[in-house]
Structures are given as structure tokens and as C-alpha cells.
Amino acid sequence: MATDSNRLGDTTATETATRLVHRNINNTNSTVSNGEVTNLEKHAEDLMQWKRHAERIKSKVLDQIQGQLSDLLDKALTESVQTFTQNGNHGNNYVTRDGTVTTTNNNDHSHRTHTEKDGKVFMDRRSILDDLFEINHIRTIYHMFISVLFLFIISTLAVDYIDQGRLVLEFDLLSYAFGKLHIVALAWLLMFSYTLAVPYYALALWGTLYHRSPVQGVLSVGAGLVLSVLQAVVLGILPVYVVFHYQLPPASRFIIILEQIRFLMKSYSFIRENVPVILKHKTKEGEGPRGEGPRGEGPRGEGPRGEGPRGEGPRGEGPRGEGPRFPTFSSYLYFLFAPTLIYRESYPRNPHIRWNYVGVTFAKILGCLFYGYFILVRLCIPVFMNDSNTPFSTRTLVLALFHATLPGMLLLLLAFFAFLHCWLNAFAEMLCFADRMFYKDWWNSTSFANYYRTWNVVVHDWLYYYGYRDFLWLSRRKFRTAAMLSVFAVSALVHEYVFTLGFGFFYPVMFCLFAFFGVAFNFTLNDKRKSPVWNIMMWTCLFIGQGVMVCLYCQEWYAQIHCPRTGDSFWELVTPRSWSCSN
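Everything numeric here is computed off the predicted structure, so don't read it as measured data. (Residues numbered from 1 in each chain as written. Predicted model: local features only at pLDDT ≥ 70, side-chain atom pairs only at ≥ 80, totals over all residues. Heavy atoms only, no water.)

Take the side chain of threonine 500 next. Its place among the elements puts threonine 500 in helix α14 (residues 480–503). Under the relative-accessibility criterion, threonine 500 is labelled buried at 19%. Of the polar contacts made by the side chain of threonine 500, one reaches the backbone oxygen of glutamate 496; its length is 2.8 Å. In contact with threonine 500, other than residues within four places in its own chain, are Phe505 and Phe506. (Helix = DSSP H or I, 4+ residues; strand = E, 2+ residues; numbered from the N terminus. Buried < 20%, exposed > 50% of the residue type's maximum accessible area, 1.4 Å probe, protein only. Polar contact = N/O pair within 3.5 Å; in protein donor to acceptor, adjacent residues only side chain to side chain. Contact = heavy atoms within 4.5 Å.)

Below you can see the structure in the form of C-alpha cells.
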């Protein structure tokens with residue numbers, strides 16, 4: 001449809017130009033015959049103006065048509081999925097890139113399609129940047145960022161040659177930040193092994209005993225307490241102990257803490273999605289608890305693309321009237337590596353792996369690491385290392401803040417591109433995971449409410465379905481504002497927890513930005529703001545916010561070095577050293 005609209009715009013512009021050409025040819029013949037050369041030049045200039053005018057009209061018409069067509073197609077796609085589900089087709093349904101719905105059914109097993117009413121819908125779709133990079137204009141902007149990286153490298157080599165008389169390209173900051181990786185690997189392996197085995201088999205054992213036990217409530221509470229204690233010890237205390245006991249450097253700390261949070265969110269999603277199914281349906285007599293067939297009949301079969309075959313009953317059930325099919329161990333293992341925090345027994349899959357795409361994507365991640373290194377070395381460290389000897393004042397803070405806005409924004413864009421696009425797409429490609437909507441066009445947001453929804457779709461989905469919607473369900477949909485505020489509070493606390501353990505000091509900059517300014521912007525700069533002016537406001541606030549974070553955290557980092565703590569009192573631990581350090 002977009003192609004037709006382009007063809008229509010081209011035809012209109014061509015016909016207009018043709019009529020103008022014929023008219024000007026006639027006028028030109030008349031003019032030449034009379035010897036008026038100046039009129040010929042005037043008509044040629046008019047012709048060019050009309051062509052430019054037609055091109056402008058064409059561009060405006062195409063933009064308007066494409067925007068309307070996109071909205072109509074999105075609406076039609078959503079309505080088709082909901083209608084398809086409501087008509088009673090309860091197979092394994094996926095919406096593919098061409099807009100069709102794929103269904104897998106089997107007489108032995110079943111799976112219920114998840115609509116937005118029931119949960120997240122997984123579709124076969126690409127990441128937005130992969131589509132945008134196919135446009136020459138967007139790819140040129142990407143090339144400009146790469147050229148800036150080369151400029152950083154050249155400037156670093158030039159400065160080192162002037163200062164030391166030789167070409168030096170050392171990456172001592174990277175080697176320091178990612179130090180002690182063997183400890184990180186061991187800690188990750190322990191957390192992964194626990195998350196792989198304990199939640200799965202604990203749920204399987206509880207699911208087997210629940211409907212046979214005369215004291216179901218006591219069994220459930222006891223199992224929940226035991227699992228909570230194990231989660232708190234292995235996924236709660238152990239990572240924090242490793243971080244502080246081995247005095248890990250910053251990047252290694254962030255790896256452990258972020259993986260700790262990821263495993264907690266993954267295991268919670270797995271339990272949250274499967275417990276309601278077990279509570280509602282009794283296990284079939286003679287049926288194993290781990291997604292196996294009746295005992296003695298071999299393992300559960302597999303359908304297309306590694307998916308388990310499905311039946312016609314609700315999700316997790318066997319054929320109608322029979323008990324639930326417990327998730328297979330392979331589906332849970334796949335989920336632990338899949339780039340999503342919402343558990344499903346199967347996902348839409350691609351038919352093959354593009355290893356060239358994987359290699360190029362990991363190369364981009366490596367490039368982003370070096371890009372961040374040069375930003376810190378060239379734009380941040382020289383400034384804030386010298387400012388650490390200056391007493392804290394309003395003037396010092398303001399100057400440092402505005403100096404940090406550009407590197408702060410560059411670091412934000414690098415983090416987005418490296419993780420939300422490259423890292424998640426690389427793992428999605430290796431796992432043939434077809435739903436690549438890890439983010440949306442957050443850069444076009446005219447409100448912070450839309451920015452929060454589109455910046456990180458992976459985490460937003462988890463917070464929305466397990467935080468916001470569950471809170472509404474518990475409160476019987478009476479406290480929507482409280483549900484939203486609770487999500488902001490959890491997000492602010494987790495972000496502050498990550499930064500506190502990652503940097504090794506408490507400075508609640510991230511918490512204040514999320515809990516106070518984030519909430520205020522969410523209600524004031526809401527979805528009612530549609531003018532492009534509000535997009536400018538959103539970007540301005542992002543620049544300032546990133547400048548504040550880079551400025552304050554860098555100042556505190558060097559203040560902790562030059563003015564170490566002299567005691568272990570509570571106020572000594574929570575008071576920023578940059579407020580009083582002047583050495």
C-alpha cells in the first residue's frame with residue numbers, strides 16, 4: 001500500500017511537470033519567435049519553482065498517507081489477533097511478519113494464545129533499527145557516529161605522541177574495569193545453575209503434591225517460604241558478598257548485579273505463569289510432573305521449530321478435561337537465555353541462524369565498548385580529575401554539569417545501541433527468537449509516559465504484567481495511580497541498588513531522578529502532548545538528566561579516592577564525599 005502511494009505521488013508530480021513543460025514549450029516558441037530571450041529564462045525559472053513545489057506537495061502527501069496507513073495496519077493487526085482468539089481457536093498462534101496468524105495444534109497437548117488481555121503477544125518482527133538502517137539517510141547518520149569514533153582514536157594518538165613522543169594506544173581503563181573476570185564467571189555459573197535447577201524442580205514437586213495433599217494451604221506456604229529463603233540466599237546475598245569480598249572493579253560488579261536481577265525476574269516470571277495453571281487443574285493420573293507423557297510412554301514429542309505440540313485446551317493443559325502439562329525442562333532452559341523476561345513454553349522462531357549477522361553484531365558491541373572508553377578518557381576523566389581538587393560550590397557544579405551533558409548523552413545512546421539492540425539481537429539470532437521488538441521508537445516520543453513505555457520494552461513488559469496489572473488485580477482495579485507509583489518506586493529502588501553496588505558508594509542520584517523527576521514528568525509530560533515542541537523538551541530533559549548523572553557520579557568517584565572515609569558510622573556511609581572534599 002505504501003508502494004502504491006509512492007507511485008501515486010510520483011505520477012502526480014510527473015503529470016504536473018509534463019503539463020508545465022508543454023505550456024512552457026509553447027510559450028518558448030512564441031517568445032523565441034519574437035526574440036524575447038529574457039522571457040524564456042523567466043519561464044525556465046518558473047518551471048523549476050513548480051517542480052520544487054510539486055516535490056514538496058508529494059513529500060507531504062506521502063508522509064500523511066504513510067502515517068495513516070501505518071496506524072490503520074497496526075489497528076487491524078491487533079483486532080485480527082483478538083478476533084482470532086475470541087473465535088475459539090486456542091492453538092499455538094503467532095503473528096508473522098506478513099500479518100498472518102500461524103497455528104499449531106495436536107490432539108495430545110494444548111496452548112492458549114495470549115492476547116493483550118491475557119498477556120504479552122509474541123510476534124515475528126524485526127527491530128526498528130534493522131529496518132531503519134536499510135534507509136540510506138539513516139545509515140549515513142550511523143556512519144557519522146563511526147567517523148566520530150575514528151576522530152577520538154586519532155586525537156588520542158596525537159595527544160599521546162605529543163606528550164610522550166610515541167604512538168600509544170593503551171586500554172588500561174578497560175582492563176581495570178573488567179578485571180577479575182574469572183571470579184565473575186564462577187559467580188555467574190553458580191547463580192545460573194541454581195536458577196536452572198531449583199525453581200523448576202521446586203515447582204514440579206509442589207505441582208505434583210498439591211492436589212494430593214489434604215493441607216494444600218500449608219504445603220503452598222511452606223514451599224513458598226523455602227523457595228523465598230533459597231532465592232534470598234543464592235540470588236540475593238551471594239552476589240553482594242562476591243562484589244564486596246573480592247573488591248571487584250566497576251564493570252565486573254555491574255555484570256554480576258545485572259545478572260542477579262535478570263535471574264530473579266526470570267525465575268519469578270516462570271513461577272508466576274505456571275502456578276495459576278497448577279492451582280486450577282489437577283494432574284492427570286499416571287502423568288509425570290515435568291511435561292512428560294504418561295509414564296512408560298517416552299518423552300513429550302516436539303512440533304515444528306522445536307515447539308511442543310499443542311492441543312485445544314487452555315494454556316498448560318492437555319486435551320480438554322485433562323490435567324495440566326507441566327513445562328518441559330528444555331523450554332525453561334531456552335527461556336533463561338531468550339531475550340525476554342516473560343515466560344512462554346514456546347515462542348515464534350526463525351527457520352535458521354544468520355551467523356554473519358551474529359558476528360557483525362558482536363563486533364558492534366566491541367566497538368561500542370571502545371567508543372565509551374574514548375568518551376570517558378577524552379571528555380570526562382581529564383575534566384573531573386582536575387575538578388576533584390576544587391572545593392564544592394554552585395559554580396563548579398553548574399559548569400561541570402553542562403560539560404557532562406554531551407558525553408552523558410553519548411553514553412546513553414551507546415548503552416542503548418550496544419545492549420538493547422546489538423546484545424539482545426545477537427542472542428535472539430543465535431536462539432532463532434523471532435520477536436525482536438526490544439524497544440520502540442522512543443526517540444520520537446513527545447511525552448515521558450511514552451518514553452518509559454518504549455525505551456526498554458523487555459523490562460517494561462515485566463513491570464507492566466507482573467507489577468502494574470497484578471497490583472490492579474489485587475486492589476480490584478481501584479488504585480491505578482497507586483499501581484503506577486508502585487512501579488516507579490520499584491524501578492527507582494532497583495536502579496539505585498545497581499548503581500550503588502556497581503560504583504561502591506551511595507549517592508542517590510538515580511533514585512531521585514526516577515522517583516521524583518520521573519514521576520513528575522510522567523504526569524505532566526503525558527500522552528496528551530503531541531506537538532513536536534514536546535519532543536524537543538523530552539530530548540532537552542534527557543540531555544540535562546544524563547549530564548547530572550555523569551557529573552555527580554564522576555565527582556563522587558574522585559572524591560571517594562582523594563577523601564576516603566575515616567569512620568564506619570551510618571552518616572559517614574550515606575553522606576557524599578564530594579560535598580566536603582577539597583584535597
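Having seen the structure, we can now continue with the description.
In this description, a pair of aromatic rings is defined by centroid distance and the angle of the planes. Tallied over the full model, the rule gives 60 aromatic pairs. Between the aromatic rings of phenylalanine 505 and tyrosine 553, the centroid separation amounts to 6.4 Å while the plane-to-plane angle is 40°, which identifies the pairing as tilted. Here the residue phenylalanine 505 occupies a position in the loop between α14 and α15 (509–524), and tyrosine 553 occupies one in helix α16 (residues 532–562), the gap between them amounting to 48 residues. Above the plane of the ring of phenylalanine 244 lies arginine 253, whose end atom (NZ or CZ) is 5.5 Å from the centre. Its end group placed over the ring of phenylalanine 335, lysine 266 keeps NZ or CZ at 4.5 Å from the ring centre. (Phe/Tyr/Trp six-rings, centres within 6.5 Å; stacked < 30°, edge-to-face > 60°. Lys NZ or Arg CZ within 6 Å of the ring centre and 35° of its normal.)

Residues annotated in UniProt with the feature "active site" (unreviewed entry) correspond here to His495. Looking at the element boundaries, histidine 495 is found in helix α14. Overall, histidine 495 belongs to the partly exposed group, its relative accessible area being 30%. Discounting residues that sit within four places of it in the chain, histidine 495 has contacts with Met510 and Phe514. Looking at histidine 495, its side chain comes within polar contact range of the main-chain oxygen of serine 491, at 2.7 Å. (UniProt positions renumbered as here; feature names shortened; annotations may be inferred.)

Moving on, we come to the pattern of salt bridges. Following the criterion strictly, the structure yields nine salt bridges and no others. A salt bridge links aspartate 461 to lysine 120; its shortest N-O distance comes to 2.9 Å. With aspartate 461 in helix α13 (residues 457–474) and lysine 120 in the loop between β2 (101–104) and α3 (128–132), the pair connects residues that are 341 residues apart, well separated along the chain. Its relative accessible area of 10% is what places aspartate 461 among the buried residues. With its nearest N and O atoms 3.0 Å apart, the salt bridge here joins glutamate 134 to arginine 126. You can call arginine 126 partly exposed: its relative accessible area is 29%. Residues joined in a network through salt bridges with shared partners are Arg126, Asp131 and Glu134. (Salt bridge = Lys/Arg side-chain N within 4 Å of Asp/Glu carboxyl O.)

This paragraph deals with the nonpolar core. Ile256, Phe270, Phe416 and Phe433 are the most contacted members of the largest nonpolar core, which totals 84 residues. Top contributing element to this core by residue count: helix α6 (residues 181–210), with twelve residues. Here isoleucine 256 is in contact with Val184, Ala187, Met191, Pro239, Val242, Val243 and Leu248, once residues within four sequence places are set aside. (Core = buried A, V, L, I, M, F, W, Y, C linked by side-chain atoms within 4.5 Å.)

Turning to the environment of tyrosine 465, a few remarks are in order. Along the polypeptide, tyrosine 465 turns up in helix α13. Along the sequence, tyrosine 465 and lysine 120 sit 345 residues apart, while their C-alpha atoms lie 8.1 Å from each other.

Within the secondary structure layout, glutamine 231 lies in helix α7 (residues 216–245). Its relative accessible area of 14% is what places glutamine 231 among the buried residues. A distance of 3.1 Å separates a polar atom in the side chain of glutamine 231 from a polar atom in the side chain of serine 267. Apart from residues no more than four positions distant in its own chain, glutamine 231 is found in contact with Tyr194, Pro199, Gly236, Leu264 and Ser267.

The full count for this structure, using the stated rule, is zero disulfides. Counting only cysteine sulfurs, cysteine 380 is the nearest neighbor of cysteine 554, a cysteine outside any disulfide, at a range of 5.0 Å. On the basis of relative accessibility, which here comes to 17%, the residue cysteine 554 falls in the buried class. (Disulfide = S-S within 2.5 Å.)

A word on α7. Its 30 residues give α7 an end-to-end C-alpha distance of 42 Å, which sits within 8% of 44 Å, the value for a rise of 1.5 Å per residue. Along α7, the largest kink reaches about 35° and is centred on isoleucine 237; proline proline 239 follows within four residues of it. For α7, the complete set of buried residues consists of Leu227, Gln231, Val234, Leu235, Pro239, Val242 and Val243. Its buried side turned inward, α7 meets α6, α8 (250–280) and α14. Count one or two residues on from α7 and you reach glutamine 247, which has phi positive near 50°. (Expected span 1.5 Å × (residues − 1). Bend = angle between axes of the 7 residues up to and from the residue.)

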